[in-house]
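Here are the chains, one letter per residue:
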Amino acid sequence: MAPKPRIAVIGAGPAGLMAAETAARENCAVTICDAMPSPARKFLMAGRSGLNITHSEPFERFVARYGPAADWLRPMLKSFSPTDMREFCEALGVGTFVGTSGRVFPTAMKASPLLRAWLARLATLGVELRTRTRLVDFDGGAPIVETNGRRETIAADATVLALGGASWPRLGSDGGWARLLEQRGVALAPFRPSNCGLDIAWSEPFRQKFEGLPIKTARFRHAGKSVAGEAVITRSGLEGGPVYALSAEVAATLREKGSAAIMIDLKPDMSESALAARLAQRRGKDSFANSLRKAIGLSPVAVGLLRESDTQVATRDPAALATLVKTCALSVVATAGLERAISSAGGVLREALDDGLMLRKTPGLFVAGEMLDWDAPTGGYLLQASIATGRWAGAAAANHARGINIAG
Ligand SMILES: Cc1cc2nc3c(=O)[nH]c(=O)nc-3n(C[C@H](O)[C@H](O)[C@H](O)COP(=O)(O)OP(=O)(O)OC[C@H]3O[C@@H](n4cnc5c(N)ncnc54)[C@H](O)[C@@H]3O)c2cc1C
């Protein structure tokens, strides 16, 4: 019997695990290497906020979320669609549900059961997982790795690189691979933080009282863009879906003008005039915060935000107060850097790759996941594209290893 083609996958995040599974199902002998002591740390971290695994909106609207990369990714997302993602989870014994705004989550709202079942299935497919094994160089197309100071070239007929982007480097994806690929003449777009929190210089009393608490059902605005949802007060500013969605625009304003502010509508379901009318009926004996709670149902966090926006807020008349509730302005000091961003934009450019995600300059070397130069908002799009591109690259690598070339 002819020996099985050998596939090396470097990076055991969701893209690498899917590449490994796909190649193993194509009857290849697969070895995955990861620099960290355990696999998929960012995936597990994503699980701490519920693991938004994909989105249920119609396919074309879904694909459009990838902006300029939509056409590039469309065939891969078609081949492993959001529906396939849900079936993939179900097959691993993890049910999913559609939450508010169409986002899809595993019923357990965490990543560990899914990862455990996935790793067990990979083991039954014969996939070998080597941890604490870092890619340090290449010998032609073959990866050179280092384990506990010992260097070795992995013998492989094809290799999939799934080393992640450059956000949250302490979870393993530190973007160190960029230098290795640049040295080989691969065209890369520089990394930029994407979907990141906003740094706000909270007053000490506000921080002490409200750190960790949510701003619920508000609408956040910047530069003509408006996003409704929930954000969380952190030590250094704000985190959460609506904030991530505005972060690129806020970063651009900071770059262009040197300062930026976001506006929060703390009562999006009430008009300014209705608010002013209710606020005019407040009773003098209540404290400021209590009077706002009773008149318009404002939470203590929201009242705190008003005070952060305008230190004289308690002296304002009902009309000015209503305006402030609708347009509570907060100065943004900075957007969070790569070390705290949910994802990174930039990476390997489309033109550096063929249709099978193989590097044109290095036959046999494939790239998948967040290493690629696409970007998307939060909402399940990041994991969907990471896993879909992992599957695509895994299949193309298996074909390459067998001497089949389907890509252009
Ligand atoms: C806090 C947080 C929450 C998130 N929540 C969500 C969410 O709810 N939904 C969603 O869609 N996305 C979410 N994401 C994004 C999502 O986790 C990533 O887009 C996804 O993990 C990228 O997958 P990947 O396999 O391409 O890379 P990664 O998951 O980053 O995996 C890359 C792997 O490569 C390894 N590696 C790197 N360099 C080397 C090297 N030189 N040698 C060997 N191994 C190496 C790393 O250790 C790592 O295991 C979240 C991210 C964060 C940080």
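What counts, and where the lines are drawn
Each chain carries its own residue numbering, running from 1 in the direction its sequence is written. Thresholds applied to this predicted model are a pLDDT of at least 70 for local features of residues and 80 or more for the giving and counting of side-chain atom pairs; totals over whole chains, interfaces and linings are not thresholded and use all residues. Neither water nor hydrogens contribute to the side-chain values; these are computed over all heavy atoms in the structure. Only protein chains enter the area calculation, which uses a 1.4 Å probe; residues under 20% of their type maximum are buried, those over 50% are exposed, and those in between are partly exposed. Helix and strand definitions follow DSSP, with helices as H or I runs of at least four residues and strands as E runs of at least two, each counted in order from the N terminus. Contacts: residue pairs with any heavy atoms within 4.5 Å of one another. Identification of polar contacts relies on pairs of N or O atoms within 3.5 Å, with a donor-acceptor requirement for protein atoms, meaning one able to donate a hydrogen and the other able to accept it, and with residues adjacent in sequence counted only if both atoms are side-chain atoms. Criterion used throughout: strands pair if DSSP finds at least two bridges between them. Fitted lines through C-alpha atoms serve as axes, helices being fitted only where they are in contact, and the angles separating the N-to-C directions of these axes extend from 0 to 180 degrees. A domain assignment, automatic or from a database, supplies the domain bounds used here. One heavy atom suffices: a residue is near a molecule or strand as soon as one of its heavy atoms comes within 4 Å of it. The Shrake-Rupley method, run with a 1.4 Å probe sphere, supplies the accessible areas, and residue values consider only the shown protein chains as cover. Under the scheme applied here, ten amino acids are nonpolar (Ala, Val, Leu, Ile, Met, Phe, Trp, Tyr, Cys and Pro), four are charged (Asp, Glu, Lys and Arg), and all others, including Gly, are polar. Throughout, nonpolar core names a set of buried Ala, Val, Leu, Ile, Met, Phe, Trp, Tyr and Cys residues whose side chains join them through atoms within 4.5 Å. The path from the first strand over the helix to the second decides the hand: if it runs clockwise while the strands point away from the viewer, the crossover is right-handed.

Within helix α13 (residues 318–326), the full set of buried residues consists of Leu 321, Ala 322, Leu 324, Val 325 and Lys 326. Residues of α13 that are buried in the fold lie against β13 (214–222), β16 (260–265), α10 (272–280), α11 (288–296), α12 (300–309) and β17 (328–332).

Moving on, we get to the side chain of Asp 286. Looking at the element boundaries, Asp 286 is found in the loop between α10 and α11. Of note is the side chain of Asp 286, whose polar atom sits 3.0 Å from the side chain of Lys 294. With near-sequence residues (within four places) excluded, Asp 286 lies in contact with Ser 291 and Lys 294.

What follows covers the sheet that holds β16. Judged by pairing direction, the sheet is antiparallel, and its seven strands sit side by side in the order β17-β16-β13-β14-β15-β12-β18 without closing on themselves. With partners counted over all chains shown, the strands left at the sheet margins are β17 and β18 (334–335), one partner each. Direction of pairing for strand β12 (residues 198–199) relative to β18: antiparallel, over a ladder of two bridges. Residue pairing for β18: Leu 198 is matched across the bridge by Thr 335. Here helix α9 (residues 241–257) sits on the sheet and contacts β12, β13, β14 (225–233), β15 (237–239), β16, β17 and β18; the angle it forms with β14, its principal contact strand, is near 110°. Here α13 sits on the sheet and contacts β13, β16 and β17; the angle it forms with β16, its principal contact strand, is near 110°.

As a further point, take the domain arrangement of the protein. As far as domains go, the protein holds domain 1 (6–192 + 345–401) and domain 2 (198–335). Put simply, the middle of domain 1 and the middle of domain 2, counted by C-alpha atoms, are 38 Å apart.

With that settled, consider unusual backbone geometry. Keep in mind that most residues, glycine aside, have a negative phi and that most peptide bonds are trans. Although it is not a glycine, Met 109 adopts a positive phi angle of roughly 55°. Looking at the secondary structure, you find Met 109 in the loop between β5 (103–106) and α6 (112–124). Judged by its relative accessible area of 36%, Met 109 falls in the partly exposed class. Located in the positive-phi region is Leu 357, a residue other than glycine, with phi close to 65°. Along the chain, Leu 357 turns up in the loop between β19 (343–348) and β20 (365–367).

As a further point, take the site of the ligand. The environment of the ligand is made up of 29 residues, and the closest members are Asp 34, Asn 52, Ser 173, Glu 370 and Leu 383. Measuring from a nitrogen atom of the ligand, one finds a backbone N or O atom of Asn 52 at 2.8 Å. Glu 370 places a polar side-chain atom, nitrogen or oxygen, 2.5 Å from an oxygen atom of the ligand. Considering the ligand on its own, with 1,000 Å² of exposed area, one finds that the protein chains cover 96% of that surface. Mapped onto the shell around the ligand, the elements with two or more residues apiece are α1 (14–25), α2 (41–47), β7 (133–139) and α14 (381–401). For the shell around the ligand, the residue count by class is 15 nonpolar, ten polar and four charged.

Our next topic: the nonpolar core. Judged by nonpolar contacts, the single largest core of 82 residues is most densely connected at Tyr 66 and Val 348. The element best represented in this core is α14, accounting for eleven residues. Every residue in contact with Val 348, bar those within four places of it in the chain, is listed here: Trp 72, Trp 177, Leu 181, Val 186, Ala 187, Leu 188, Leu 353, Leu 359, Val 367, Met 371, Leu 372 and Asp 373. Within the second largest apolar cluster, 42 residues are counted, among which are Phe 210, Ile 233, Ala 302 and Ala 322.

Moving on, we get to the pairing of strand β1 (residues 6–10). Burial analysis of β1 places four of its five residues in the buried class, the great majority of the element. As defined by bridge partners, β1 adjoins strand β2 (residues 29–33) across five bridges and the pair is classed as parallel. Its bridge partner being in β2, Val 9 is matched across the sheet by Ile 32. Assessed by its sense of winding, the connection that carries the chain from β1 through α1 to β2 is right-handed. Strand direction decides the pairing type here: β1 and strand β10 (residues 158–161), joined by four bridges, are parallel. Note that in β10 the partner of Ile 10 across the bridge is Leu 161.

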